[in-house]
Protein chains: 2
Amino acid sequence: MLAFDVYEDRCPTRMVLDRLADKWALLILDRLHDGPVRFNHLRRDIKGISQKVLSQTLKKLERDGLISRQVFATVPVTVEYGLTDLGRTLTDTVAALAHWAERNMDAVVAAQKAYDAAAR
Amino acid sequence: MLAFDVYEDRCPTRMVLDRLADKWALLILDRLHDGPVRFNHLRRDIKGISQKVLSQTLKKLERDGLISRQVFATVPVTVEYGLTDLGRTLTDTVAALAHWAERNMDAVVAAQKAYDAAAR
DNA sequence: CGGTATCCCGTTTGATACTG
DNA sequence: CAGTATCAAACGGGATACCG
């Protein structure tokens, strides 16, 4: 079980956990695992995210020190997002969570069907 | 990196990942790690969660086959929530994520201060 | 005890347009 | 290319009240 304070309201750990409990953040962190990616590339790769939400999420992750933003003075300007050292310490765990989802999605979908079939 | 389909919109893996990307769900799953817990006990332990949201989250987790709900015909009625076998396969990973948050919250908070100090 | 129903409001999101 | 600005619409979540 987790440390006691994780269950406390307004503790720093909970704030961090809150930030990680975001599907876009998890997908972005994982997508950056292989190296830096540009803004619109990320936007295209992560299907369904809007420009606005991608921008907001990247800003939060940068503020948390998990990703870095590097601007290149090309015309037009190019921006690359990559993991920081801190961010890299997290990707294995994120990948583990996502891989659980990949491995067990069939079981989850089956459970949902069984639950729904029980007619609530 | 994750399998390609994780980045696809409306894929089952993403649905599962969405569900896990919920701070309350993560806290509940972890809290049930040591054994079944009653509704109001859970409500008291996980500070800040409302009755409504706890009820909703438990229902979703039960539908996903991650937790089980057992009703005892006492007066008044008693309800215990516990992990299913499927749920138990997930708790280690959830704990890893939360422990990362515990270990690295100082670094994250420091990064936030540095970012904010840079005056945006 | 363990919920559900209702109202209501703040936050989030999507769509669209615009800019350095 | 990589964003920001703005507005409306949708959603989630808190407060409260009530029920088996």
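Note that this is a predicted model, so its numbers are computed, not measured. (Residues numbered from 1 in each chain as written. Chains lettered and ligands numbered in written order. Predicted model: local features only at pLDDT ≥ 70, side-chain atom pairs only at ≥ 80, totals over all residues. Heavy atoms only, no water.)

**Points about the sheet that holds strand 2 (residues 67–72) of chain A**
Residue and element names in this part refer to chain A. Our working rule: We treat two strands as partners when DSSP finds at least two bridges between them. Only DSSP runs of H or I covering at least 4 residues are called helices, and only runs of E covering at least 2 are called strands; the numbering of each starts at the N terminus.
One open sheet accounts for 3 strands, arranged 1-3-2; its pairing is antiparallel. A single partner strand is all that each edge strand has here, and the edge strands are strand 1 (37–38) and strand 2. The pairing of strand 1 with strand 3 (residues 78–83) spans 2 bridges and is classified as antiparallel. The residue bridging Val37 from the neighbouring strand is Tyr81, located in strand 3.

**A closer look at the protein's contact with DNA strand C**
Selection criterion: We call a residue near a given molecule or strand whenever any one of its heavy atoms falls within 4 Å of it. Nitrogen and oxygen atoms within 3.5 Å of one another constitute a polar contact, given that in protein one can donate a hydrogen and the other can accept it, and given that sequence-neighbouring residues count only through two side-chain atoms.
Taken together, 17 residues lie near DNA strand C, and Lys52 of chain A together with Gln51, Ser55, Arg69 and Tyr81 of chain B sit nearest. Here, DNA strand C places atoms within 4 Å of the protein, and 54% of those atoms are sugar or phosphate. A distance of 3.0 Å is found between a phosphate oxygen of DNA strand C and a backbone nitrogen or oxygen belonging to Asn40 of chain B. With respect to DNA strand C, the side chain of Ser55 of chain B contributes an N or O atom lying 2.6 Å from a phosphate oxygen. Listing elements by their share of the surface near DNA strand C, those giving two or more residues are helix 4 (51–63) of chain A together with helix 3 (39–45), helix 4 (51–63) and strand 3 (78–83) of chain B. In terms of residue count, helix 4 of chain B provides more of the surface near DNA strand C than any other element does, 4 residues in total.

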